[in-house]
Amino acid sequence: MIADGTTMNHLKTFILLAALTALFGGVGYLIGGATGMAVALVFAGGMNLFSYWNADKIVLKMYRAQPVDEQHPNAVVRNYVADVRQMARDAGLPQPQVAIIPSDQPNAFATGRNPERAAVCATTGLLDMLTREEVRGVMAHELAHVKNRDTLIMTVTATIAGAIAALANFALFFGGGEDRERPGGVIGTLALMILAPMAAGLVQMAISRGREYEADRIGAEIAGDPQALASALQKIDAYAKRIHNPTAERNPASGQMFIINPLAGRGADNLFSTHPATVNRVRALAELGAMMGVRPRAAATPPASAVPVTPRRATTGVPTTPIEPRGPWG
């Protein structure tokens, strides 16, 4: 049944990626007619190939990820690396690249086109704010994405969806006027600007939400502690809403890769909300913990008054996130 579920998951993903590519072609058609559609489809195919071979490099460079190993001078980072490597061995996975991201927002993601070339990343904020058991739970979730081969699909989808949103903005400057060769005219351009990013976001939601529940389940089994992951999700969700992630705001389509939505939720950010509600994920993990005989822990979510509105000082030895202008969505 697990194999059948994985096959259906990959089939569904293939269909959705094909839909994104078709949408990309439709965007090109509305902007430049048949020629524009042909160019857009060629560009979409090129992006798929480029993303396939360079998915990990694209994302790691975007977020300024820094590889770390067990020789790192900070004990928190050494424990983080050792735990990831131990859990990867236990899960029967090749050893992934382990990295940290200089961001005060607690979060994590995995990337790479296959388990042999995977990378898992945690922010400095995550390592500073969570207990070792909670960090293990989060990174087990990311290893589950690697095990399920989700990382390639999520990265390619983010790349195409981001390009569609860029094309929609491009249409603002080149899609108007009375050009008879351009279908739709001004109305088509306005519809394009509104519907293309929305469609891309909806497809991303269809791809990502079910995968998050599955990664939670498998990650809890890898770490052997569903309650640690549940506790971590509650903490991350509380802090991520208050601490800005400038890189994610500038590249909202990449938000689907994180364990918790890194976007502030203003304006068009909501189109890229690809994560299930944290309360539902915690409930599912509590049920799994009961089945595994793990006793529930006290609620981990700090009260709103206790959540800092300014970034915490990092203790991982990595510089804190510099103050940067907010992205195009706010």
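Summarised in this report is the structure supplied together with it. What you see is a predicted model, and the numbers here were worked out from it, not measured in a lab. (Residues numbered from 1 in each chain as written. Predicted model: local features only at pLDDT ≥ 70, side-chain atom pairs only at ≥ 80, totals over all residues. Heavy atoms only, no water.)

1. A look at the sheet that holds strand E3 (residues 108-111)
- A sheet is described by the order of its strands in space; here four strands give the open sequence E1-E2-E4-E3, paired in mixed fashion. Pairing within the sheet leaves two strands with one partner each, and these edge strands are strand E1 (66-67) and E3.
- Examined bridge by bridge, E3 and strand E4 (residues 119-123) share four bridges and lie antiparallel to one another. Within the sheet, the bridge partner assigned to Ala 108 lies in E4 and is Ala 122.
- Across the sheet, helix H2 (residues 75-90) is in contact with strand E2 (97-101) and E4; its angle to E2 comes to roughly 145°. (Pairing = 2+ DSSP bridges. Helix = DSSP H or I, 4+ residues; strand = E, 2+ residues; numbered from the N terminus. Contact = heavy atoms within 4.5 Å. Axes fitted to C-alpha atoms, helices over the stretch in contact; angles between N-to-C directions.)

2. Concerning the environment of Asp 69
- Considering the arrangement of structural elements, one finds Asp 69 in the loop between E1 and H2.
- Judged by its relative accessible area of 35%, Asp 69 falls in the partly exposed class.
- Not counting residues up to four positions away in its chain, the partners in contact with Asp 69 are Val 81 and Arg 85.
- Looking at Asp 69, its side chain comes within polar contact range of the main-chain nitrogen of Gln 71, at 2.9 Å. (Buried < 20%, exposed > 50% of the residue type's maximum accessible area, 1.4 Å probe, protein only. Polar contact = N/O pair within 3.5 Å; in protein donor to acceptor, adjacent residues only side chain to side chain.)

3. Here's the deal with the nonpolar core
- By size, the foremost hydrophobic cluster in this structure holds 42 residues, and its most contacted members are Tyr 80, Val 120, Leu 126, Leu 127, Val 138 and Met 139.
- Residue contributions to this core peak at seven residues, all from helix H4 (residues 132-147).
- The residues contacting Tyr 80, other than those within four sequence positions of it, are Val 68, Val 98, Ala 99, Ile 100, Val 120, Cys 121, Ala 122, Leu 127, Val 135 and Met 139.
- In terms of nonpolar packing, the next biggest core, distinct from the first, is built from 14 residues, Leu 60, Ile 101, Phe 258 and Leu 263 among them. (Core = buried A, V, L, I, M, F, W, Y, C linked by side-chain atoms within 4.5 Å.)

4. What about the pattern of salt bridges?
- Following the criterion strictly, the structure yields ten salt bridges and no others.
- For Arg 136, the salt bridge identified is with Asp 83, shortest N-O distance 3.4 Å. Here Arg 136 is found in helix H4, whereas its partner Asp 83 is found in helix H2, with 53 residues between them in sequence.
- Under the relative-accessibility criterion, Asp 83 is labelled buried at 9%.
- Where Glu 214 meets Arg 217, a salt bridge forms, and the shortest distance between an N and an O atom there is 2.6 Å. Taken as a pair, Glu 214 and Arg 217 lie in helix H6 (residues 185-223) at a separation of three residues, close to a single helical turn.
- What makes Glu 214 partly exposed here is its relative accessible area of 30%.
- One salt-bridge network, in which partners are shared between bridges, spans Asp 83, Arg 132 and Arg 136. (Salt bridge = Lys/Arg side-chain N within 4 Å of Asp/Glu carboxyl O.)

5. Observations regarding the packing of aromatic side chains
- On inspection of all chains with the given rule, the structure shows three aromatic pairs.
- When the ring of Tyr 63 is compared with that of Phe 258, the centres are 5.2 Å apart and the planes differ by 75°; the resulting orientation is edge-to-face. One end of the pair, Tyr 63, is in the loop between helix H1 (2-62) and E1; the other, Phe 258, is in the loop between helix H8 (246-250) and helix H9 (278-292), and 195 residues separate them in sequence.
- The exposure class assigned to Phe 258 is buried, which follows from its relative accessible area of 1%.
- Clustering of aromatic rings is evident, with ring pairs tying together Tyr 63, Phe 109 and Phe 258. (Phe/Tyr/Trp six-rings, centres within 6.5 Å; stacked < 30°, edge-to-face > 60°.)

6. Focus: helix H7 (residues 226-240)
- With 15 residues, H7 ought to run about 21 Å at 1.5 Å a step, and its terminal C-alpha atoms sit 21 Å apart, in line with that.
- In terms of residue burial, H7 counts as a mostly covered element, since 15 of its 15 residues are buried. (Expected span 1.5 Å × (residues − 1).)

7. Section: the environment of Glu 70
- Relative to the helices and strands, Glu 70 resides in the loop between E1 and H2.
- In sequence terms Glu 70 and Val 81 are eleven residues apart; their C-alpha atoms lie 5.9 Å from each other.
- Beyond its immediate sequence surroundings of up to four residues, Glu 70 is in contact with Arg 78, Val 81, Ala 82 and Arg 85.
- At 3.1 Å, the side chain of Glu 70 and the side chain of Arg 85 are in polar contact.

Read these as geometric descriptors, not functional statements.
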